[in-house]
Amino acid sequence: MRSETIVLAGNTIILNELKIKEIKEDIIPKIGPAWEKLTQGNTAEIVDRLQDQMVEIFPQLKGINLEECYPSEIEAFVEAWINVNFSGLKRLLGPVVSLTTLGKQKLELSAVNP
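Residues numbered from 1 in each chain as written. Predicted model: local features only at pLDDT ≥ 70, side-chain atom pairs only at ≥ 80, totals over all residues. Heavy atoms only, no water.

### Points about the pattern of salt bridges
At step 1: One pass over the structure, following the stated rule, counts one salt bridge.
At step 2: A salt bridge links Glu17 to Arg2; the shortest N-O distance between them is 3.2 Å. Placement of the pair is Glu17 in the loop between strand S2 (11-16) and helix H1 (20-39) and Arg2 in the segment before strand S1 (3-8), with a sequence separation of 15 residues. (Salt bridge = Lys/Arg side-chain N within 4 Å of Asp/Glu carboxyl O. Helix = DSSP H or I, 4+ residues; strand = E, 2+ residues; numbered from the N terminus.)

Quick look at the structure:
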């Protein structure tokens, strides 16, 4: 299990890798509703809605005053969360995409030059 420690608004947060089951049950169902709430209403209120939805998706942020955070701290938090939970997937996707592209190019070449 991977973990990463970051500092957000002076608070130390330890991010622990989630199980696939936890991502499927706890994170994914919250993304759609969070996006809907984020895009509703007055644009001037988007930061407040974003803060509410981030706390909903990332419970580690409960009790942290996100208004006291620098945007770079929030960015670092999200990057750390992705690294902890999806670094293996990120490493695998590059070669898979390359193989897919190579295969597509070979199919296109064989169609042009039978």
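Next comes the rest of the account.
### Re the packing of aromatic side chains
At step 1: In total, this model carries three aromatic pairs according to the counting rule given.
At step 2: Judged by centre distance (5.2 Å) and plane angle (85°), the ring pair of Phe58 and Phe77 falls under edge-to-face. A residue pair is termed long-range when its members are at least 10 positions apart, and Phe58 in the loop between helix H2 (46-57) and helix H3 (71-112) and Phe77 in helix H3 qualify at 19 residues.
At step 3: Judged by relative accessible area, which is 9%, Phe58 ranks as buried.
At step 4: Taking the centre distance of 5.3 Å and the plane angle of 70° together, the rings of Phe58 and Trp81 count as edge-to-face. Note that Phe58 is positioned in the loop between H2 and H3 and Trp81 in helix H3, a separation of 23 residues in sequence. (Phe/Tyr/Trp six-rings, centres within 6.5 Å; stacked < 30°, edge-to-face > 60°. Buried < 20%, exposed > 50% of the residue type's maximum accessible area, 1.4 Å probe, protein only.)

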